[in-house]
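# Notes for the structure review
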Amino acid sequence: MQWSWGRLMLGHDLPEELDEFLAAREDELIAFRRDLHAHPELGYHEHRTTSRVALRLAAAGLRPVILPKGTGMIVDIGDPSAGDTLVALRADLDALPINDEKNVSYRSTVPNTCHACGHDVHTSVLLGAGLFLAGQAAAGTLPGRVRLIFQPAEEVPGGALDVMAAGGIASVDRIFAVHCDPRLEVGKVGTRTGPITAACDKIRVRVSGPGGHTARPHLTADLVYALGKIVTELPAALSRRVDPRSSLSLVWGRVSAGSAANAIPDDGVAEGTVRCLDDEAWHEAPDLLKALIESVASAYGVIAELSYQRNVPPTVNEAVSTAILETAAAQVLGHEAITPSPQSLGGEDFAWYLESIPGTLARLGTRLPGSVEDFDIHQATFDVDERAIGVGVRLMAATALTALHAGGPPVPDQVPDTPRLSQRA
Ligand SMILES: [Zn+2]
Ligand SMILES: [Zn+2]
């Protein structure tokens, strides 16, 4: 970061306070994570997980509010009289429909369900950060309020939309989250301004025509030829109609039409995915694809219908929030902990929050230093170096405090906006 956040630096005793907190609580948080790991629950079924988290928060004197669908919760820390700023920290609770293939004491006890995306770690980190911040609030040293969001169903996805529908971010100034990164060593934090995860939508194109004999394609509509044109010309046309820096890419996964060599079929279908790193291009993609498909189809006399299934937008990290998180990381983890994170073509429903309010998603290193095993998330053997939980607690607690000291918008004017395609040189 080229600009200075000196005025946001917190008291020099924060790292020591966090050391003290973790000396007392780290083992409990690791045990909490192992308990969640052994009892994973799929999206919208996180009842046990929700109740474990809620009980622990209530034991610390907090008042969690369960979301309307019965899983996930929101809990506010601090008194509005301490300041107007409200900063949110978010974790996700759900596991994946994958069988746990690890041989560890905390292996999943539920067949075909596993915390293979590290959401048990995110939940334990947020619990730890919340307990620390509750202590700060009790001591009268929290300069505003912090909202913990334990959301359900990130993998489904859509839990973020439930939080938003319940008013979970209505008065929130900034929002922060971390996601486990098994390629990054424990102790490291990956940050990025601008898009950090991608959009991935599904499309289905159905083509129909009158059908007929292959001897007389001129008397009907040559449906297979038209479908072939759509399949080959659409990706090429997109690359000339969309800014190449948005990395919008259409790749087909299934094409199907016809049943006999000498019969022109009356319908056919092509299915594929649209991935995109840029928010504006993602918003424009459905209309653009529809227009391109119709123009190719009409040239060959067939009718084409597009079904466009939206997944999540790209997660576009905002610059000020990213700088706040980096300032906090430098203070409690050291400058050397911060490393630039590459864009991922994976999706993350945290993106929905960032469509409405500023915030940032950081990568939390979970790789055991010197390990020869190459874990990836969504793998049946995925596991973490559990020291990442303590790192995450330090980062999230310090980020919330730094963001409260920074206050809500308006943002300091020396900080550039999040780069968008239209603003990039
Ligand atoms: Zn995942
Ligand atoms: Zn995940």
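Provided above is the structure to which this section pertains.
First things first, this report covers the structure right here in the doc. (Residues numbered from 1 in each chain as written. Chains lettered and ligands numbered in written order. Predicted model: local features only at pLDDT ≥ 70, side-chain atom pairs only at ≥ 80, totals over all residues. Heavy atoms only, no water.)

### Notes on the overall build of the chain
As a reminder of what qualifies: Here a helix means four or more residues in a row that DSSP labels H or I, a strand means two or more in a row labelled E, and each is numbered from the N terminus. Radius of gyration here uses only the C-alpha atoms, and the compact-globule reference equals 2.2 Å multiplied by the residue count raised to the power 0.38. Burial status follows relative accessibility: with a 1.4 Å probe on protein chains alone, a residue under 20% of its type maximum counts as buried, one over 50% as exposed, and anything between as partly exposed. By definition, residues are in contact when any of their heavy atoms lie within 4.5 Å. For the area figures, the Shrake-Rupley method with a 1.4 Å probe applies, and any residue is considered shielded solely by the protein chains shown. By the counting rule applied here, Lys and Arg register as positive and Asp and Glu as negative, while His and the ends of each chain are not counted. Just so you know, the charge point we use is NZ for Lys, CZ for Arg, CG for Asp and CD for Glu.
Counting secondary structure elements, the chain contains 9 helices and 16 strands. A compact globule built from 425 residues should have a C-alpha radius of gyration of about 22 Å, and the chain, at 24 Å, falls within 12% of that. If one aligns the C-alpha atoms of the chain with their principal axes, the spans along those axes are about 85 × 50 × 45 Å. Split into buried and exposed, the 425 residues of the chain put 55% on the buried side. The long-range fraction of contacts in the chain, counting pairs at least 24 apart against all pairs at least 6 apart in sequence, stands at 82%. As displayed, the chain has an accessible area near 17,900 Å², and 52% of this comes from carbon and sulfur atoms. Separation between the mean location of the 36 positive side-chain charges and that of the 53 negative ones in the chain comes to 4 Å.

### Overview of the coordination of the zinc ion (ligand 1)
Selection rule: A donor here means an N, O or S atom no more than 2.8 Å from the metal, or no more than 3.2 Å when the metal is Na, K or Ca. Since water is not included, a site may seem to lack partners.
Within the protein, the zinc ion (ligand 1) binds to C117 (SG), E155 (OE) and H378 (NE2); these donor distances fall in the range 2.0 to 2.2 Å. Positions of the donor residues of the zinc ion (ligand 1), expressed as sequence spacing, correspond to C-x37-E-x222-H. A distance of 3.1 Å spans the gap from the zinc ion (ligand 1) to the zinc ion (ligand 2), which C117 bridges by coordinating each metal. Of this pair, E155 sits in the loop between β4 (145–151) and α4 (159–165) while H378 sits in the loop between β16 (359–367) and α9 (387–406); the two residues are 223 residues apart in sequence, bridging distant segments of the chain. Owing to a relative accessible area of 22%, E155 belongs among the partly exposed residues under this scheme. Look at H378 and you get partly exposed, because its relative accessible area is 40%.

### Quick look at the coordination of the zinc ion (ligand 2)
Binding of the zinc ion (ligand 2) to the protein goes through C117 (SG), H119 (NE2) and H179 (NE2), at separations of 2.1 to 2.4 Å. Each donor residue of the zinc ion (ligand 2) belongs to the same chain, with the gaps between them written as C-x1-H-x59-H. The exposure class of C117 is buried, given its relative accessible area of 5%. Residue class for H179 comes out buried when judged on its relative accessible area of 4%.

### What to know about the pairing of β16
Using the following cut-off: If DSSP finds at least two bridges between two strands, the strands pair.
Counted residue by residue, β16 has 9 buried out of 9 residues, so it is predominantly covered. Burial of β16 is two-sided: the residues G359, L361, R363, G365 and R367 facing one way and the residues T360, A362, L364 and T366 facing the other way are all buried. Pairing of strand β5 (residues 174–185) with β16 involves 8 bridges; the strand directions are parallel. Residue pairing for β16: H179 is matched across the bridge by R363. As paired elements, strand β6 (residues 189–191) and β16 share 2 bridges and run antiparallel to each other. Across the sheet, V189 pairs through a bridge with L364, a residue of β16.

### Looking at the sheet that holds strand β1 (residues 65–66)
Stated formally: Axis definition: a line fitted to C-alpha atoms, over the contacting stretch in the case of helices. Angles run 0 to 180 degrees between N-to-C directions.
Pairing is mixed in the open sheet, where 8 strands are placed in the order β1-β2-β4-β3-β5-β16-β6-β15. With partners counted over all chains shown, the strands left at the sheet margins are β1 and β15 (338–340), one partner each. Against the sheet, helix α3 (residues 119–138) makes contact with β2 (73–77), β3 (86–92), β4, β5 and β16, and its axis sits at roughly 150 degrees relative to β3, the strand it touches most.

### Focus: the packing of aromatic side chains
Each aromatic ring pair is characterised by the separation of its centres together with the angle its planes make. Quick reminder of the rule: Two aromatic rings, drawn from Phe, Tyr or Trp (for Trp, its six-membered ring), form a pair once their centres lie within 6.5 Å of each other, and the interplanar angle then sorts them: stacked below 30 degrees, edge-to-face above 60, tilted otherwise. Definition used: whenever NZ (Lys) or CZ (Arg) falls within 6 Å of the ring centre and also within 35 degrees of the ring normal, the charge is taken to sit over that ring.
Summed over all chains, the structure comprises 5 aromatic pairs. Centroid distance W282 to W352: 6.1 Å. Interplanar angle 75 degrees. Geometry classified as edge-to-face. Of this pair, W282 sits in helix α6 (residues 279–299) while W352 sits in helix α8 (residues 351–354), and the two are 70 residues apart along the sequence. The exposure class of W352 is buried, given its relative accessible area of 18%. The ring of W282 carries the charged tip of R310 above its face, separated from the ring centre by 3.6 Å.

### Digging into the side chain of T123
Looking at the secondary structure, you find T123 in helix α3. With relative accessibility at 0%, the residue T123 sits in the buried group. Not counting chain neighbours up to four residues away, the residues in contact with T123 comprise L36, V53, A91, D92, L93 and F150.

### Considering the nonpolar core
Rules: Think of a nonpolar core as a cluster: buried Ala, Val, Leu, Ile, Met, Phe, Trp, Tyr and Cys residues, connected wherever their side-chain atoms sit within 4.5 Å.
By size, the foremost hydrophobic cluster in this structure holds 68 residues, and its most contacted members are L57, L89, L133, V146, L148 and F150. It is α9 that provides the largest number of residues to this core, a total of 13 residues. Not counting the four nearest positions on each side in its chain, L89 is found in contact with L126, A129, L133, V146, R147, L148, I149, F176, M396 and A400. Judged by nonpolar contacts, the second largest core, of 51 residues, contains A199, A226, V302 and F350.

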